[in-house]
Amino acid sequence: MAKTRGASPSVWLMANQDDQMNMTQMNMTKQNLGLPIFLALGALTLAASVAQAADISTPAVLAGSCSTCHGPGGQSPGTMPSLAGLEPKYIMTRLKEFRSGEAPATLMNRIAKGYSDAEIEALGQYFTKTKP
Ligand code: HEC
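Residues numbered from 1 in each chain as written. Predicted model: local features only at pLDDT ≥ 70, side-chain atom pairs only at ≥ 80, totals over all residues.

**What to know about the site of the ligand**
What counts, and what does not: Each residue receives a C-beta atom built from its backbone; the residue is near a molecule or strand if that atom lies within 6 Å of it. Under the DSSP-based scheme used, a helix requires at least four consecutive residues in state H or I and a strand at least two consecutive residues in state E, with every element numbered from the N terminus. Following the grouping adopted for this structure description, the nonpolar residues are Ala, Val, Leu, Ile, Met, Phe, Trp, Tyr, Cys and Pro, the charged ones are Asp, Glu, Lys and Arg, and the polar ones are all others, Gly among them.
Inspection of the region around the ligand gives 17 residues, with C66, C69, A105, T106 and M108 positioned closest. Counting residues per element, the ones that place at least two in the shell around the ligand are α3 (67-70), α4 (88-100) and α5 (108-112). For the shell around the ligand, the class distribution of residues is 12 nonpolar, four polar and one charged.

Following this line, the structure appears as structure tokens:
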């Protein structure tokens, strides 16, 4: 009698622990799925807002992505070429040459591919005015 009573709660306990483990695993699976979906949605939203931000009516925003290398307002603090104050036509020609692969480049050939003629024009007009 004592044996049976002793065994049965522990069996119940083990079974219960198993259940809890399964529940935990299920929750973890749900969380593991939830996070990537959340991140993917976030990335999509970000991409959409970047696409909206890259509007030729706001050249300063369009030019913002150039400042990482060419300095704020195209005024380079280092070895990268400055863009500030260059002739719009020069900037536009250079960008189109990079885009077509005509001009040798390490980075600009890939970067320029992301810009339309209208955006290149807006960038040229923007950087010519940023010289202090
Ligand atoms: C990741 C760094 C990087 C970014 C971002 C970048 N550039 Fe450049 N840019 C370079 C490098 C490096 C060169 C020299 C050519 C090469 O090797 O690609 C260059 C050269 C240029 C030149 C030629 C300058 C000259 O004196 O002839 C122009 C014009 C230019 N970039 C415009 C832009 C514009 C406009 C943007 C933003 C849309 C931009 N760049 C973003 C790195 C960058």
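**Some points on the packing of α4 against helix α6 (residues 117-127)**
Heads up, the condition is: Where helices are involved, their axes are fitted lines through C-alpha atoms of the stretch in contact, as for all axes, and angles between N-to-C directions lie from 0 to 180°. An angle counts as roughly parallel when it lies under 35 degrees, as roughly antiparallel when it exceeds 145, as roughly perpendicular when it falls between 65 and 115, and as oblique in every other case. Crossing handedness: left-handed means the near helix sits turned counterclockwise from the far one by under a right angle, and right-handed means the same turn made clockwise. Throughout, a residue-residue contact means that the two C-beta atoms, derived from backbone geometry, are no farther apart than 7 Å.
Running from amino to carboxyl end, α4 crosses α6 at an angle of 140°, the nearest separation of the two axes being 8 Å. Considering the angle they form, α4 stands oblique to α6. Crossing of α4 against α6: the hand is right-handed. For the pair α4 and α6, contact is made by P88, K89, I91, M92, L95 and K96 and by I120, E121, L123, G124, Q125 and F127, respectively.

**Structural notes on α4**
How we decide: To estimate the expected span of a helix, count its residues, drop one, and scale the result by 1.5 Å. Three exposure classes are used. Buried residues have 20 or more other C-beta atoms within 10 Å of their own C-beta, exposed residues have 12 or fewer, and partly exposed residues fall in between, all C-beta atoms being placed from the backbone. Summarising the geometry, the arc corresponds to the directions from the helix axis toward the C-beta atoms.
Counted at 1.5 Å a residue, the expected span for α4 with its 13 residues is 18 Å, and the 18 Å between its end C-alpha atoms agrees. Among the residues making up α4, those that are buried are I91, R94, L95, F98 and R99. Seen end-on, α4 carries its buried residues on one side only, within an arc spanning 135°. Of the exposed residues in α4, those oriented more than 90 degrees away from the buried face are K89 and S100. In the stretch just after α4, G101 is the one whose phi turns positive, near 90°.

**Concerning the nonpolar core**
Going by this rule: Put simply, a nonpolar core is a cluster of buried Ala, Val, Leu, Ile, Met, Phe, Trp, Tyr and Cys residues tied together by C-beta atoms within 7 Å.
Formed by A63, L83, I91, L95, F98, A112, Y115, I120, A122, L123, Y126 and F127, the largest nonpolar core amounts to 12 residues. Where this core is concerned, the elements lending two or more residues are α4 and α6. Looking at this core element by element, the count peaks at five residues for α6. Sequence-distant contacts of F127, defined by excluding residues within four places in its chain, comprise A63, G74, L83, A84, L86 and I91.

**Things to note about the environment of G74**
Here G74 is to be found in the loop between α3 and α4. In sequence terms G74 and F127 are 53 residues apart; their C-alpha atoms lie 6.4 Å from each other. If we skip the residues at most four places from it in the chain, G74 touches C66, S82, L83, A84, F127 and T130.

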